[in-house]
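Listed here are the chains, written in short residue letters.
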Amino acid sequence: PFASLQQETLVNLLRIGDQLDNRLSRLFREHGLTLSRFNVLRILILADRPLTCGEIGERMIQVVPAITSLVDHLEKQALVERQRCEQDRRVVHVHITKSGKKLADAAMQHLPDIEKKLLGKLSQAQLKSLSGLLEKVRDSIAACDE
């Protein structure tokens, strides 16, 4: 029994979040990545240009307090490289390497299948409705921080 409908909804969202995290983490682990490290590579691919750590942080799916540490790990694996900006030496840009793009592309090939499996019981209309509702939840959460 739940104390309220809000409590039941929050518990369901937490459970679903955990299940999605587990399934996606398993997929990325097969490629030697964590969900967060894959997300950094995906962001760099989609940006199609080098980004600063701050720009990467703003685009992350999950809030990660230590973007610099994530980039450090990816740099040690030769999946990204850092370049200091010539116009402003304080600015450091991160760009994806060929091996980083190759690894991310290999992981991304499996995403359509897992998306279909995880959300396969929902119609297109239900998916659209759910996306809209989740957007409202995010707006509600963001309003708490104001």
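Above this text is the structure in question.
Keep in mind the model is a prediction, meaning the values are calculated, not measured.

Colleague: Kindly report on the pattern of salt bridges, identifying the contributing residues and their values.
Modeller: As a working rule, side chains carrying opposite charge can pair if their charged atoms are close by. Counted by the stated rule, this structure contains six salt bridges. Across the pair Arg-82 and Glu-75 runs a salt bridge whose closest N-O atoms are separated by 2.5 Å. Exposure remark for Arg-82: the relative accessible area of 25% places this residue in the partly exposed category. Accessibility expressed as a relative area gives 32% for Glu-75, which makes it partly exposed. For Asp-88, the salt bridge is made with Arg-90, and the minimal N-O distance between the two is 3.0 Å. Judged by relative accessible area, Asp-88 falls into the partly exposed class, the value being 24%. Three or more residues are tied together by salt bridges with common partners; here these are Asp-72, Glu-75 and Arg-82.

Colleague: Now, about the nonpolar core: what can you tell me, with residues and values included?
Modeller: Ranked by internal contacts, the top residues of the largest apolar core, which has 25 residues, are Phe-28, Leu-41, Leu-44 and Ile-56. Elements represented by at least two residues in this core include exactly helix 1 (5-29), helix 2 (35-47), helix 3 (53-59), helix 4 (67-76), strand 2 (92-96), helix 5 (98-108) and helix 6 (111-119). For this core, the leading source of residues is helix 2, giving six residues. If near-sequence neighbours (up to four positions away) are discounted, Leu-44 is found in contact with Arg-49, Leu-51, Ile-56, Val-80, Val-94, His-95 and Ile-96.

Colleague: Explain the layout of surface pockets to me, using residue names and the numbers behind them.
Modeller: Approximately 1500 Å³ is the volume found for the largest pocket. Every residue lining the largest pocket is counted, 34 residues in all, and those nearest its centre are Ile-16, Gly-17, Leu-20, Leu-24 and Leu-134. Those elements giving two or more residues to the lining of the largest pocket turn out to be helix 1, helix 2, helix 6 and helix 7 (124-144). A per-class count over the lining of the largest pocket returns 19 nonpolar, eight polar and seven charged.

Colleague: Quick one: what's the story with the side chain of His-31, residue by residue and with numbers?
Modeller: Tracing the backbone through its elements, the reader meets His-31 in the loop between helix 1 and helix 2. The exposure class of His-31 is buried, given its relative accessible area of 19%. Not counting residues up to four positions away in its chain, the partners in contact with His-31 are Leu-103, Ala-106, Ala-107 and His-110.

Procedures and definitions
Residues numbered from 1 in each chain as written. Predicted model: local features only at pLDDT ≥ 70, side-chain atom pairs only at ≥ 80, totals over all residues. Heavy atoms only, no water. Salt bridge = Lys/Arg side-chain N within 4 Å of Asp/Glu carboxyl O. Buried < 20%, exposed > 50% of the residue type's maximum accessible area, 1.4 Å probe, protein only. Core = buried A, V, L, I, M, F, W, Y, C linked by side-chain atoms within 4.5 Å. Helix = DSSP H or I, 4+ residues; strand = E, 2+ residues; numbered from the N terminus. Contact = heavy atoms within 4.5 Å. 1 Å grid on protein atoms, 1.4 Å probe; cavity = no way out; pocket = protein on both sides within 12 Å on 5 of 7 lines; lining within 4 Å. Points joined across faces, edges and corners; volume = space filled by probe spheres on them. Nonpolar A, V, L, I, M, F, W, Y, C, P; charged D, E, K, R; others polar.

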